[in-house]
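The primary structure of each chain is shown beneath.
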Amino acid sequence: MSTEWTPSSWKSKPAKQQVDYDDPAELADALVRLSRLPPIVTSWEVEKLKKQLAEAGRGERFLLQGGDCSERFADCRSDLIDAKLKVLLMMSAVLVYGSGKPVIRIGRIAGQYAKPRSEPTETIDGVSLPVYRGDLVNRVEFNAAARRPNPNNLIEAYSRSAMTINFIRSLLTGGFADIHHPEVWDLSGLGSNAQTDEYHALVSQMRASVRFLDATLGRPLEDLATTEFYTSHEGLHLDYEQACSERPPLRTGWYDLSTHLPWIGERTRDIDGAHVEFFRGIRNPIGVKVGPTMDPAELIELIRVLNPENEPGRLTLIVRMGAKKVADKLPALIDRVQREGRVVTWVSDPMHGNTYKTVSGTKTRHFDDILGEVTQSFAVHADAGSVLGGVHFEMTGQNVTEVVGGSCGLTEADLATAYESDVDPRMNYAQSLELAFLVARELGKRRR
Ligand code: PEP
Ligand code: CO
């Protein structure tokens, strides 16, 4: 690999999953407009997250990363953003209680608009059109106008990302996450079952602790009102990521300021490919998906390229093997990383290795496989004297029916009731909270 990195050096490498725009001038114009807009995040926040991810890698914090497989422009609405934030905050409260550690909250949000696809085109009744690649690129409806890659979507995606994070920041600084405000923390609509009862008990315990601290201080514990929240998305569309990158004043080096934590997907992590070339040169913390075909030698090579200085927090490995493979594949990867003295933050994504299609062709995942992959990952790390620093979920604050199982008892026959995702199936509100309790229990077992 050449050592000369520039923001466009990726262009000399093979780039998978890129878009064929039919008007290069229109694309160039959109990219120039994009590059002049103010950043969505700042390098200060990005560096702070990197430090916290380093702590998660050492077991001093725990990472909760979650959100939609893919955001849609139409979902940039206050009620939906509010619901997504609420479920993430609830889950993180459960995890804090279980682990006794601070939790880093990162949404797959405010920019998760591009999707890798297995085919460049889709054919229905003899008609072939470009495949839907996420709202960053085109629209999902099956007609030529909708499927045409439209450079203006880049600006639209950036604007909606900014609106989304602006609303989230405003909610959080306004006290949305403050445990003093009971309305955010109640479980309206879920009724009473083992999970919700356990959750309500936990919230009353938290309130009692807060009352105690408030009384001790003689004033409300104000720091509870300001909760940190970070964004992430798959850094798939390299023209977009490049246009959003800059060298901030008073910093050395380039930052991708479209998000705090960009990650490289399983399909674009080739060592000699354009994605690895682009992301090796920016200073953000970055994630890399690690699937079952990764072998230890390849992983070490990838780590060397992406984190040559072995900087803690720089690299998060998001392992997505599947419940049937993780116990077999993960130990050798951990062992090699340990023997080479490489510092990484290990995270489990128990979603992407567990997707299957029902006989009627609907994409789903089983709650037990999701839980199984996480619990096995905890065990493998514990056996190796290593640390599982976090979890990565596809989930939503809505009551959708996309994942089967869990104590809400969803079956394959229920999937059609409220299946909304255009891409991967997400856990609903109840399933997400249930999983948070089960992960908290695992963390509790290992509490030092
Ligand atoms: C995703 O996170 O939605 C995704 C496409 O994952 P992976 O790259 O692990 O397949
Ligand atoms: Co997905």
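The structure we're discussing is the one just above.
Just so you know, these numbers come straight off a predicted model, no measurement behind them.

A. Representation of the overall build of the protein chain within the structure. In terms of regular secondary structure, the protein chain is built from 13 helices and 14 strands. Taking 22 Å as the expected radius of gyration for a compact globule of 448 residues, we find that the protein chain reaches 21 Å, a close match to that expectation. Based on the C-alpha atoms only, the size of the protein chain along its principal axes is roughly 60 × 50 × 45 Å. The buried share of the protein chain, reckoned over its 448 residues, is 55%. Total accessible area on the protein chain stands at roughly 18,400 Å², and carbon and sulfur atoms take up 52% of it.

B. Broad picture of the sheet that holds strand β10 (residues 315-319). Spatial strand order, β1-β2-β5-β8-β9-β10-β11-β14: eight strands in a closed barrel with parallel pairing. Strand-to-strand twist across the sheet, computed as the mean angle between neighbouring axes with direction ignored, equals 25°. Looking at chain direction, strand β11 (residues 345-348) and strand β14 (residues 388-394) are connected through three bridges and run parallel. In the sheet register, S348 faces β14, and the bridge partner there is V391. Strands β1 (62-67), β10, β11 and β14 of the sheet are contacted by helix α12 (residues 367-384), whose axis makes an angle of about 165° with β14.

C. Quick look at the pattern of salt bridges. Taken as a whole and judged by the stated rule, the model has 37 salt bridges. Put simply, E141 and R139 hold a salt bridge, and the shortest N to O gap is 3.2 Å. Using a relative accessible area of 39% as the deciding quantity, one classes E141 as partly exposed. On the basis of relative accessibility, which here comes to 44%, the residue R139 falls in the partly exposed class. Taken together, the shared-partner salt bridges connect R108, K363, R365, E394 and D424 into one network.

D. Looking closely at empty space enclosed by the protein. The full count for this structure, using the stated rule, is five cavities of 30 Å³ or more. In this structure, the largest cavity spans a volume of roughly 90 Å³. Residue lining of the largest cavity: D68, C69, S70, R72, D75, Y132, E420, S421, D422, V423 and R426, and that is the complete set. In this model, the second largest cavity occupies a volume close to 70 Å³. Along its surface, the second largest cavity is lined by D68, D75, L80, K84, T396, Q398, V400, E420 and R426. Among the residues making up the lining of the second largest cavity, the classes are represented as two nonpolar, two polar and five charged.

E. Region of the structure containing the pairing of strand β8 (residues 261-264). Burial along β8 is two-sided: the residues L261 and W263 and P262 and I264 are all buried. For strand β5 (residues 230-234) and β8, the ladder comprises three bridges, and the chain directions are parallel. In the strand pairing of β8, H233 is matched with P262. Of the strand pairs in this sheet, β8 and strand β9 (residues 286-290) are connected by two bridges, and their pairing is parallel. Bridge pairing in β9 places W263 opposite G287. With helix α9 (residues 274-280) bridging β8 and the parallel β9, this β-α-β connection has right-handed handedness.

F. Up close: the coordination of the cobalt ion (ligand 2). Only C69 (SG), H352 (NE2), E394 (OE) and D424 (OD) from the protein coordinate the cobalt ion (ligand 2), and they sit 2.1 to 2.4 Å from it. Donor residues binding the cobalt ion (ligand 2) come from one chain and are separated in sequence as C-x282-H-x41-E-x29-D. Here C69 is found in the loop between β1 and α3 (78-99), whereas its partner H352 is found in the loop between β11 and β12 (356-357), with 283 residues between them in sequence. For the pair C69 and H352, a shared accessibility class is recorded, and that class is buried.

G. Representation of the packing of α3 against helix α5 (residues 152-173) in the model. For the pair α3 and α5, interaxial distance at closest approach is 11 Å and the crossing angle is 55°. Here α5 runs oblique to α3, going by the angle between their axes. Handedness of the α3/α5 crossing: right-handed. Along the contact surface, α3 presents S78, I81, D82, L85 and L89, while α5 presents T164, F167, I168, L171 and L172.

H. Highlighting the site of ligand 1. For ligand 1, the full set of nearby residues is C69, R108, K115, P116, E234, W263, G265, E266, K289, R320, H352 and E394. In the environment of ligand 1, an oxygen atom lies 2.9 Å from a nitrogen or oxygen atom belonging to the side chain of R108. In the model, an oxygen atom of ligand 1 is placed 3.1 Å from a nitrogen or oxygen of the E394 side chain. Across the complex, the protein chains shield 96% of the 300 Å² of accessible surface that ligand 1 would expose by itself. When its residues are assigned to classes, the shell around ligand 1 shows three nonpolar, two polar and seven charged.

I. Structural context of helix α2 (residues 43-57). Taking 1.5 Å of rise per residue, the 15 residues of α2 would be expected to cover 21 Å, and the 21 Å separating its terminal C-alpha atoms lies within 8% of that figure. Every buried residue of α2 is listed here: S43, V46, L49, K50, Q52, L53, A54, E55, A56 and G57. Looking at the residues trailing α2, positive phi occurs at G59, about 85°.

J. The arrangement of unusual backbone geometry in detail. Its identity is not glycine, yet Q17 carries a phi of approximately 65°, on the positive side. Tracing the chain through its elements places Q17 in the segment before α1 (24-35). For Q17, a relative accessible area of 18% puts it in the buried group. A positive phi angle, near 50°, is found at D125, a position not held by glycine. Its location among the elements puts D125 in the loop between β3 (121-124) and β4 (127-130).

Conventions and cut-offs
Residues numbered from 1 in each chain as written. Chains lettered and ligands numbered in written order. Predicted model: local features only at pLDDT ≥ 70, side-chain atom pairs only at ≥ 80, totals over all residues. Heavy atoms only, no water. Helix = DSSP H or I, 4+ residues; strand = E, 2+ residues; numbered from the N terminus. Rg over C-alpha atoms; globule rule 2.2 N^0.38 Å. Buried < 20%, exposed > 50% of the residue type's maximum accessible area, 1.4 Å probe, protein only. Areas by Shrake-Rupley, 256 points an atom, 1.4 Å probe, with all protein chains shown as cover. Pairing = 2+ DSSP bridges. Axes fitted to C-alpha atoms, helices over the stretch in contact; angles between N-to-C directions. Contact = heavy atoms within 4.5 Å. Salt bridge = Lys/Arg side-chain N within 4 Å of Asp/Glu carboxyl O. 1 Å grid on protein atoms, 1.4 Å probe; cavity = no way out; pocket = protein on both sides within 12 Å on 5 of 7 lines; lining within 4 Å. Points joined across faces, edges and corners; volume = space filled by probe spheres on them. Nonpolar A, V, L, I, M, F, W, Y, C, P; charged D, E, K, R; others polar. Right-handed = clockwise from strand over helix to strand, strands pointing away. Donors = N, O, S within 2.8 Å, 3.2 Å for Na, K, Ca; no water. Parallel < 35°, antiparallel > 145°, perpendicular 65-115°, else oblique. Left-handed = near helix turned anticlockwise from the far one by under 90°. Near = heavy atom within 4 Å. Polar contact = N/O pair within 3.5 Å; in protein donor to acceptor, adjacent residues only side chain to side chain. Expected span 1.5 Å × (residues − 1).

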